[in-house]
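# Descriptive analysis of the structure
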Amino acid sequence: DSRRFEGIDADFKELANAVHQTPNVVEATNKVGLFGKLEDIQSRLSLCEKALSENLDTKRLAFPRFYFISSADLLDILSNGTNPQQIVEKHLSKLFDNMAKMQFDADEEERPAQSAVGVFSREEEYVPFSQACECTGQCTNRILAPSTQSTEVTGGVELLYLQRRI
């Protein structure tokens, strides 16, 4: 599907460049075959959208809390899953009611590490975790193969594990 989208993107950029090269709007929009090419691009784009929607639905089935967020937010979570601080700050309150932010351990240089140690409510109440949760790797690794014995929250978005600890 990504190759299909890359082809669509290249075709559209080619058409846009050709239109840009023609200074007269009437000439640019009345070129022979332009309408057919645009319809073809639209139909291929619809296939990509359908495939993306099906992919997002599988993620939502694996982690039902994803039903509470938009497709754009879910795409953001999945594409930035290796950066838990960024993802958690933006999307935690959408996934879990009254959770505002997570507390991460600091590393040797006082930068936030990838270990979550607690969570803050919107009222700034802090709830520490019984043990640190490692938020490393791709976020989908844990979602698609969950282990109830695990103490890790891979990627920082599998907050199901956090919810069970609170």
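To start, this report covers the structure provided alongside it. (Residues numbered from 1 in each chain as written. Predicted model: local features only at pLDDT ≥ 70, side-chain atom pairs only at ≥ 80, totals over all residues. Heavy atoms only, no water.)

This brings us to the side chain of histidine 91. With respect to the element layout, histidine 91 can be found in helix 5 (residues 84-95). On the basis of relative accessible area, histidine 91 is assigned to the buried category, the value being 1%. A distance of 2.8 Å separates a polar atom in the side chain of histidine 91 from a polar atom in the side chain of aspartate 76. Once residues lying within four places of it in the same chain are set aside, the contact partners of histidine 91 are Asp73, Asp76 and Ile77. (Helix = DSSP H or I, 4+ residues; strand = E, 2+ residues; numbered from the N terminus. Buried < 20%, exposed > 50% of the residue type's maximum accessible area, 1.4 Å probe, protein only. Polar contact = N/O pair within 3.5 Å; in protein donor to acceptor, adjacent residues only side chain to side chain. Contact = heavy atoms within 4.5 Å.)

Turning our eyes to something else, we now look at the environment of alanine 116. Considering the arrangement of structural elements, one finds alanine 116 in strand 2 (residues 112-121). Separated by 14 residues in sequence, alanine 116 and methionine 102 place their C-alpha atoms 6.6 Å apart. Alanine 116 has contacts with Met102, Gln103, Phe104, Phe129, Ala132, Cys133 and Cys135, leaving out every residue within four places of it along the chain.

With that settled, consider the nonpolar core. Phe66, Leu92, Met102 and Ala116 are the most contacted members of the largest nonpolar core, which totals 20 residues. For this core, the secondary-structure elements that each account for two or more residues are helix 4 (71-79), helix 5, strand 1 (99-106), strand 2 and strand 3 (126-134). Judged by nonpolar contacts, the second largest core, of five residues, contains Ile8, Leu15, Leu34 and Cys48. (Core = buried A, V, L, I, M, F, W, Y, C linked by side-chain atoms within 4.5 Å.)

With a phi close to 65°, asparagine 98 is a non-glycine residue in the positive phi region. Its location among the elements puts asparagine 98 in the loop between helix 5 and strand 1.

With respect to the helices and strands, the residue serine 70 is situated in the loop between helix 3 (34-62) and helix 4. With relative accessibility at 38%, the residue serine 70 sits in the partly exposed group. Expressed as a C-alpha distance, the spacing of serine 70 and lysine 94, which sit 24 residues apart in the sequence, is 9.5 Å. At 3.1 Å, the side chain of serine 70 and the backbone nitrogen of aspartate 73 are in polar contact.

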